[in-house]
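Read off the chains here:
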Amino acid sequence: MSVSTVAAAPSVCAPLPVLGRDVTVPLVTGGEVTYAALDYAASAPALQRVWDDVAAYAPYYGSVHRGAGYLSQLSTDLFENARRTVAEFLDCREDDQVVFTRSTTDSLNLLAAALPADCRVFVFETEHHASLLPWRSAQVTYLDAPRSHREAVETLERALADRDPYGPALVCVTGASNVTGELWPVRELAAAAHAHGARIVLDAAQLAPHHEVSVAGLDVDWVAFSGHKLYAPFGSGVLAGRADWLRAAEPYLAGGGASRKVGRREDGGVDVEWHDSAARHEAGSPNVIGAYALASACTALTEAGFDTLVAREQYLVRTVREGLADVPQVRFLSLFGDDAPRVGVLSFVVEGWNSSHFAAALSAEYGIGVRDGLFCAHPLLRTLLGSDPQAQGECGSPESAPGEKSLNAIRVSFGAGTPDEHVERFVRAVKELVADGAKWNYRTEDGRCVPDTSA
């Protein structure tokens, strides 16, 4: 199917208004064009509604939990209402805790710090580094990349059945891959974990912006996600789920807010009574605006309706895949197959091109922002590409990173704020670059491929 045929199909619904939708950028070939932000998987643009909500609150900003003044009380109510909004968004159980953090990475490191003694952790090699690396104080079993949902569940079941001694265990799994966009069988993996006496944490960083996430429905023990991928503009994240391990653990940060009572002992030391609530792991002055922005995004997505958002996003996925189906040089990366359900994240390689060179040309010549590299998921990319870690790349290969010299893939990602035109322009640009090559010369600078303006 040609790109013109795909583009002619009516869009399911209009994109949600986001910041930056009218920003223009210069082209190296001359002139300007509206920027096509197709790197949602890294950070999604903030929803206009979220920005408006934050701007309306900003004059009333005050410290929380500690002040008797009107603005402090207002901010405290806002902060705690944001917690309740997030709990509703995630369909949390009645006794679950919602802890505000800085990001998904921060959330999973918090949980790692709260693991009981001798806890075993099971994680697939396919995970983003945020969920692959935090478990340094635990005994970790890394599982090979599965090639189907069934294989994923069977692999986990075998690993859990073989563990010895039979003690506390945690499974960490993504909801949607930040590389392939493919959805994982979370409910089935949760059932397998619980059948073997293990708990499970869901990395929903790429899932929550695209699909409804129900902690109760998926039967996961915890879920972690980030505001900056959920159309919120500030550094905020969430760890939500069971309270017992969090209550039993030492506070993630020691300080004001985490402590209920502090007193001096006769021997000169200090006795501390820590909170049992989410405040136990939220020491210091919290990011009230970030939490409010994140909650505002949750409300906006809920009101827009995930059924509608998913339908539109799938239209854009089809536009890309069908539009490039007749370009044999383009190979999309996949674990579970081309027909596997996925969110608006697609990674690919182009025969004859270094990924950094291709991404640089998309930006400089077409005003399209994508991502290239290994996407903080190095083991997964190496598995998908079957590439040699020492393989030397071309333009853009950072010589200062031994073992990771080749920037191997290109990722295009989009979501609720992506206009049809941005995706259609991307498809046209890929076809033109493959057919005709770049119009400009490029060179390597600080490990990145950039237009050569020296001529």
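Predicted, not measured: the structure shown is a model, and the values here were computed from it.

So, how was this worked out
- Here the residue numbering is sequential within each chain, running from 1 through the sequence in written order.
- Totals for whole chains, interfaces and linings use all residues, but because this is a predicted model, local features are given only for residues with pLDDT of at least 70 and pairs of side-chain atoms are given and counted only at 80 or more.
- Here the side-chain values reflect all heavy atoms present in the structure, with hydrogen atoms and water set aside.
- Accessibility here uses a 1.4 Å probe with only protein chains present; expressed as a share of the type maximum, an area under 20% marks a residue as buried, one over 50% as exposed, and anything in between as partly exposed.
- Helical segments are the DSSP runs of H or I of at least four residues, strand segments are the runs of E of at least two, and each set is numbered from the N terminus.
- Here, any two strands with at least 2 DSSP bridges between them count as paired.
- The rule is short: rings of Phe, Tyr and Trp, with Trp giving its six-membered ring, pair when the centres are within 6.5 Å, and they are stacked under 30 degrees, edge-to-face over 60, tilted in between.
- The criterion is that NZ of a Lys, or CZ of an Arg, lies within 6 Å of the ring centre and within 35 degrees of the ring normal, and then a charge sits over that ring.
- What pLDDT expresses is the predictor's confidence in each residue, scored from 0 to 100.
- Note on contacts: a residue pair is in contact if any heavy atoms of the two residues lie within 4.5 Å.
- Neither His nor the chain ends is counted toward charge; the positive residues are Lys and Arg and the negative residues Asp and Glu.
- We define a salt bridge as a side-chain nitrogen of Lys or Arg found within 4 Å of a carboxyl oxygen belonging to Asp or Glu.

S.K.: Looking at this structure, I do not really get the pairing of strand S9 (residues 222–226). What am I missing?
M.R.: Consecutive side chains of a regular strand alternate in pointing toward one face of the sheet and then the other. Along S9, 5 of the 5 residues are buried, which leaves the element largely enclosed by surrounding structure. Side chains Trp222, Ala224 and Ser226 of S9 all project onto a buried face; the interleaved residues Val223 and Phe225 project onto the opposite face, where all are buried too. Two strands pair when backbone bridges link them, and strand S8 (residues 199–203) and S9 are joined in this way by 3 bridges, in the parallel orientation. Paired with Asp203 across the bridge in S9 is Ala224. As paired strands, S9 and strand S10 (residues 237–241) are joined by 5 bridges and run antiparallel to one another. Across the sheet, the residue bridging to Ser226 is Gly237, located in S10.

S.K.: Just checking my understanding: could you explain the packing of aromatic side chains for this structure?
M.R.: By convention here, two paired aromatic rings are described through the distance between centres and the angle between planes. Tallying each qualifying case throughout the model produces 13 aromatic pairs. Aromatic side chains Phe79 and Phe100 sit 5.3 Å apart centroid to centroid with 45° between the ring planes, which places their arrangement in the tilted category. Here Phe100 lies in strand S4 (residues 97–101) and Phe79 lies in helix H3 (residues 70–89), a separation of 21 residues in the sequence. By relative accessible area, Phe79 is classed as buried at 1%. Through a chain of ring-to-ring contacts, three or more aromatic side chains come together here, namely Phe332, Phe348, Trp353, Phe358 and Phe426. The positively charged end of Arg163 is found above the aromatic ring belonging to Tyr166, 4.2 Å away from the centroid. Residue placement shows Arg321 over the ring face of Phe332; its charged tip is 4.9 Å from the ring centre.

S.K.: Looking at this model, I keep getting lost on the confidence of the model for the protein chain. Mind explaining?
M.R.: Do not read the predicted coordinates in detail wherever pLDDT is low. On average, the protein chain scores 92 in pLDDT, and the residues at 70 or more come to 93%. In the predicted structure, residues 1–10 sits below a pLDDT of 50 and forms 16 contacts with residues beyond four places in sequence or in another chain.

S.K.: What should I look at first to understand the side chain of Glu365 in this one?
M.R.: Within the secondary structure, Glu365 is located in helix H12 (residues 355–366). Put simply, Glu365 is tucked away with no salt bridge, and the nearest opposite charge, on Lys439, sits 4.3 Å away. Among residues more than four places away in sequence, those in contact with Glu365 are Leu27, Val28, Thr29, Leu433, Ala438, Lys439, Trp440 and Tyr442.

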